[in-house]
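# Structural overview for review
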Amino acid sequence: MTRVRQHGFTIVELLIVIVVIGILAAITIVAFNGVQARANNTTIQSDLRSAGKQIELHKLGAGDGSYPANTDSSLAQVNFKLSKNSYSTESGNFLYCTTSDYSSFALVSQSTSGAIYSYVNGSISSYTAHTSMGSYAAMCNNLLGSNYPRFGYTAGAWRAWAAA
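We now turn to the structure provided with this report.

Rules used throughout
Residues numbered from 1 in each chain as written. Predicted model: local features only at pLDDT ≥ 70, side-chain atom pairs only at ≥ 80, totals over all residues. Heavy atoms only, no water. Helix = DSSP H or I, 4+ residues; strand = E, 2+ residues; numbered from the N terminus. Rg over C-alpha atoms; globule rule 2.2 N^0.38 Å. Buried < 20%, exposed > 50% of the residue type's maximum accessible area, 1.4 Å probe, protein only. Contact = heavy atoms within 4.5 Å. Areas by Shrake-Rupley, 256 points an atom, 1.4 Å probe, with all protein chains shown as cover. Lys, Arg positive; Asp, Glu negative; His and termini not counted. Charge placed at Lys NZ, Arg CZ, Asp CG, Glu CD. Pairing = 2+ DSSP bridges. Axes fitted to C-alpha atoms, helices over the stretch in contact; angles between N-to-C directions. Expected span 1.5 Å × (residues − 1). Core = buried A, V, L, I, M, F, W, Y, C linked by side-chain atoms within 4.5 Å. Disulfide = S-S within 2.5 Å.

Across its full length, the protein holds three helices and seven strands. The helix and strand sequence of the protein, counted from the amino end, reads α-α-β-β-β-β-α-β-β-β. In summary, the protein has a C-alpha radius of gyration of 25 Å against a globular reference of 15 Å for 164 residues, an excess of more than 25%. If you line up the protein on its principal axes, its C-alpha atoms span 105 × 30 × 30 Å. The proportion of buried residues among the 164 residues of the protein is 32%. A separation threshold of at least 6 residues defines the contact pool for the protein, and within that pool the share at least 24 residues apart is 60%. When the accessible surface of the protein is split by element, carbon and sulfur atoms take 57% of a total near 9600 Å². Between the mean site of the 10 positive side-chain charges and the mean site of the 7 negative ones, the protein shows a separation of 13 Å.

See the structure below:
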């Protein structure tokens, strides 16, 4: 009697292939998330650099040598351009700080990855003194020794001056 050889895969072989595909997919997703987080962080840093330059230009055009006041109407004149999809959805994810005499300013922002960056005196750095943008008063005090903040994003919406 001759045996008829059946062709095809066994259930064990199919399960092994499925597990290998799942492992490869998991590795790809983790790698993509890392690349996406770095891209958002770089975008935030670029936005801070650009916003800092816009504030400096505003100071030159103001005539009195001062930075914009921390009011919506003053900041609306700066013409910020922010890549909003890269920012955290935590309230206060973009913060403008100034001294009481408007002689100095700082910017602080938080990426979707949770990383916080500051812009002070033309320099961007990773901000690690606080882990949450909710510490805005302490952030402004830490960066400038003064507490005059203005959020660009609060209560789930961008303010008009930051939404350009």
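Now, onward.
Once that is clear, we can look at the sheet that holds strand β4 (residues 123-126). Here five strands make up an open sheet; going across it, the order is β4-β3-β2-β1-β5 and the pairing antiparallel. Strand pairing shows two members of the sheet lacking a second neighbour, β4 and β5 (149-151), which therefore form its edges. The mean inter-strand angle of the sheet, taken between neighbouring strand axes irrespective of direction, is 20 degrees. Relative to strand β3 (residues 116-120), strand β2 (residues 105-110) runs antiparallel, the two sharing five bridges. The partner of Ser109 across the bridge, within β3, is Tyr117. Set on the sheet, helix α1 (residues 11-62) makes contact with β1 (94-98), β2, β3 and β4; between it and β2 the angle comes to about 160 degrees. Contacts from helix α3 (residues 136-144) reach β1, β2, β3 and β5, with the element oriented near 50 degrees to β1.

To continue, consider the side chain of Ser118. Looking at the element boundaries, Ser118 is found in strand β3. Ignoring sequence-local partners within four residues, the contact set of Ser118 consists of Leu48, Leu107, Val108, Ser123, Ile124, Ser125, Tyr127 and Leu143.

With that out of the way, let us pick up α1. Taking 1.5 Å per residue, 52 residues should reach 76 Å; α1 reaches 75 Å between its end C-alpha atoms and fits that length. Those residues of α1 that sit buried are Asn40, Asn41, Ile44, Asp47, Leu48, Ala51, Gly52, Ile55 and His58. The secondary structure elements touched by the buried residues of α1 are α2 (72-76), β1, β2, β3 and β4.

As a further point, take the nonpolar core. Here is a general trend for soluble globular proteins: nonpolar side chains tend to be buried in one another's company. The biggest cluster of nonpolar side chains holds 18 residues, and the ones touching the most others in it are Ile55, Phe80, Phe94, Tyr96 and Leu107. Looking at this core, the element that brings in the most residues is α1, giving four residues. Among the nonpolar cores identified, the runner-up in size contains eleven residues, and Leu95, Met133, Cys140 and Phe151 belong to it.

If you walk through the whole model with that rule in mind, you get one disulfide. A disulfide bridge connects Cys97 with Cys140, and the sulfur atoms are separated by 2.0 Å. Taking the sign of the S-S torsion, -70 degrees for the link of Cys97 and Cys140, the bridge is left-handed. On the criterion of sequence distance, the pair formed by Cys97 in strand β1 and Cys140 in helix α3 is long-range, its members being 43 residues apart. For Cys140, a relative accessible area of 0% corresponds to the buried category.

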